[in-house]
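Observations on the three-dimensional arrangement
Here is what each chain is made of, one letter per residue.
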There are 2 protein chains.
Amino acid sequence: MQYETRSRSILKAVSWRTLATITTAVIVFVFTGKVALALTIGFLEVFAKMGLYFVHERVWQKLHFGKRNVPAFVVWFTGLPASGKKHLADGVFKQLKKERLKVERLDSHDIRPLFPTVGFSPEDVDRHIRRAGHLAAVLEKNGVIVIASFVSPFRKSREFARGLAGNFVEVYMKTTPEACEARDEHGHYRAARAGELTHFPGVNGPYEEPQNPQVVIDVEQTALDEAVRQVVRYLKKNILNKT
Amino acid sequence: MQYETRSRSILKAVSWRTLATITTAVIVFVFTGKVALALTIGFLEVFAKMGLYFVHERVWQKLHFGKRNVPAFVVWFTGLPASGKKHLADGVFKQLKKERLKVERLDSHDIRPLFPTVGFSPEDVDRHIRRAGHLAAVLEKNGVIVIASFVSPFRKSREFARGLAGNFVEVYMKTTPEACEARDEHGHYRAARAGELTHFPGVNGPYEEPQNPQVVIDVEQTALDEAVRQVVRYLKKNILNKT
């Protein structure tokens, strides 16, 4: 939470007075041609108005007019493992950070290690995603923009997350298991095909496509930079620049 | 997230100019005795400085000097069921809200219904509290003060929550199962004694007392208002008013 300190108000008063008194003295001189008068009036003004400016600042610090709140929202990236969610979400996150917005990044890879007992059964995955959705919604409610990336293969878990959030933007990474396997650096797809990983979305577990995603990224046809632009454009048009 | 709009800067410029130009005109009149000169200079000043003031405001809007961040923290109320956590936490929450701080309230009674599959086995309770601790820490990291109340009977779960948070204030409701049972409006203690509820802290399940709580409330000896004051006093002294 931010507020303005007294020293900020004092420094503003000084910087303004320097600017303003020079202007006054110049005006008085132009109209009267008297240097001494211009300087005397300027001198008096310094003392009279410096204090006045400080009081004016403190009064305005209490007023809320014109302090605009940027609306928060949740951007939820869903798609098969190795569909590129993480890279895209990171790109969007960086872009919003650059605009000095308050953003939090939630990613499966960061949260799962904190809770090692959470497994990959459909029940565990559903519960995990619901929790992440709840976390995202509470952050959003507190004015924080959330960029979340989770495979989140089940529609019902994503709809739960959507239901808790105020403004939920679902981004679907549209691709195929084959294309993802070719990209997969960790060998997860191969392991799943060999039966070493179970419940693996796209191989031996389901991935339920979103029915009404707000943004669809055609993964094979879209360069990363262009995908970032697509998502940011959607957010600006529909949320950030909407009044 | 908040920022200042252009219209706020415009209105501030107008309100300041009114105040300031009257002062200038009075000074000029006092020194020259000429009403016309005082008004002319005042008139010119209005135009020259109104624009200047607006520009000055916009430049300061970019500067971060003197915009002080209030530190966030997590206040974690722990204690037996019916020890009075919820009432005390609500009281502290209201007090901080009154001071216009950004505060979020997390309570077991609000979160559990969202996740009906979470049970009361030691494993489930531990997992639940770790999740709540994670939620609290992420909020804190984003500048939100968190007021959390959970029985949280296990030391290891509370220490997990403490480890994730930056500034963790543990408030221990010191009382006895007997006193809690006398206060218990829901008949949970009776049900636990009858064996209808299992793993019930203080009856047929453990409650591990905090070893180094930041605040200890002697529940039977302390009125609610006084308990709220004790917690708020601790927060002001150790966090809020500390620079």
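What counts, and where the lines are drawn
- Residues numbered from 1 in each chain as written.
- Chains lettered and ligands numbered in written order.
- Predicted model: local features only at pLDDT ≥ 70, side-chain atom pairs only at ≥ 80, totals over all residues.
- Heavy atoms only, no water.
- Patch = residues over 30% accessible without salt bridge, like charges linked within 9 Å, V, L, I, M, F, W, Y side chains within 5 Å.
- Areas by Shrake-Rupley, 256 points an atom, 1.4 Å probe, with all protein chains shown as cover.
- Salt bridge = Lys/Arg side-chain N within 4 Å of Asp/Glu carboxyl O.
- Helix = DSSP H or I, 4+ residues; strand = E, 2+ residues; numbered from the N terminus.
- Phe/Tyr/Trp six-rings, centres within 6.5 Å; stacked < 30°, edge-to-face > 60°.
- Buried < 20%, exposed > 50% of the residue type's maximum accessible area, 1.4 Å probe, protein only.
- Lys NZ or Arg CZ within 6 Å of the ring centre and 35° of its normal.
- Least-squares fit on C-alpha atoms with pLDDT ≥ 70 in both.
- Contact = heavy atoms within 4.5 Å.
- Pairing = 2+ DSSP bridges.
- Axes fitted to C-alpha atoms, helices over the stretch in contact; angles between N-to-C directions.
- Arc of directions from axis to C-beta.
- Domains from an automatic or database assignment.

A cluster of nonpolar side chains, contributed by Ile22(A), Val26(A), Phe29(A), Val30(A), Phe31(A), Val35(A), Leu39(A) and Leu44(B), occupies part of the molecular surface with about 740 Å² of accessible area. Ranked by the residues each element gives to the nonpolar patch, the list is headed by helix H1 (residues 6-32) of chain A, at five residues. You can see Leu44(B) is positioned in helix H2 (residues 35-62).

As a further point, take the packing of aromatic side chains. As enumerated under the stated definition, the model contains 13 aromatic pairs over all chains in all. Their ring planes at 50 degrees and their centres at 6.0 Å tell us that Tyr53(A) and Tyr53(B) sit as a pair that is tilted. Taken as a pair, Tyr53(A) in helix H2 (residues 35-62) and Tyr53(B) in helix H2 lie in two separate chains rather than in one. Here Tyr53(B) falls in the buried class, since its relative accessible area comes to 0%. With a centroid separation of 5.0 Å and an interplanar angle of 80 degrees, the aromatic rings of Tyr189(A) and Phe200(A) are classed as edge-to-face. With Tyr189(A) in helix H8 (residues 188-193) and Phe200(A) in the loop between H8 and strand S7 (215-218), the pair connects residues that are eleven residues apart, well separated along the chain. What links up through ring pairs into an aromatic cluster is the set Trp16(A), Tyr53(A), Trp16(B) and Tyr53(B). Here the basic side chain of Arg112(B) rests over the ring of Phe120(B), its NZ or CZ set 4.0 Å away from the ring centre. Sitting over the ring of Phe160(B), Arg130(B) keeps its end group 4.7 Å from the ring centre.

Take the relation of the copies chain A and chain B next. Here chain A sits on chain B after a turn of 180 degrees about the axis and a move of 0.0 Å along it, with an RMSD of 0.1 Å. Both chain copies can therefore be described as sitting about a two-fold axis. Residue by residue, 100% of the interface of chain A is reproduced at the interface of chain B, so both copies engage with the same surface.

Residue and element names in this part refer to chain A. Strand order in the open sheet made by the five strands is S4-S5-S3-S6-S7, with parallel pairing throughout. Of all the strands in the sheet, the pair left with one neighbour each is strand S4 (103-107) and S7. Neighbour-to-neighbour, the strand axes of the sheet open up by a mean angle of 15 degrees, direction not taken into account. One ladder, built from four bridges, connects strand S6 (residues 168-174) with S7; its direction is parallel. Of the residues in S7, the one forming a bridge with Met 173 is Ile 217. Set on the sheet, helix H3 (residues 85-98) makes contact with strand S3 (74-78), S4, strand S5 (145-149), S6 and S7; between it and S4 the angle comes to about 170 degrees. The strands touched by helix H5 (residues 122-141) are S3, S4 and S5; relative to S3, the strand with the most contacts, the crossing angle is about 155 degrees.

Residues and elements named next belong to chain A. Taken as a whole, helix H6 (residues 155-164) has its buried residues at Ser 157, Arg 158, Phe 160 and Ala 161. Viewed along the axis of H6, the buried residues span an arc of 155 degrees, placing them on a single side of the element. Opposite its buried face, H6 presents the exposed residues Lys 156 and Gly 163, each directed more than 90 degrees away. Each element contacted by the buried residues of H6 is listed here: S3, H5 and S6.

This next bit is on the domain arrangement of chain A. Structurally, chain A comprises domain 1 (6-62) and domain 2 (74-240). Distance from the C-alpha centre of domain 1 of chain A to the C-alpha centre of domain 2 of chain A: 56 Å.

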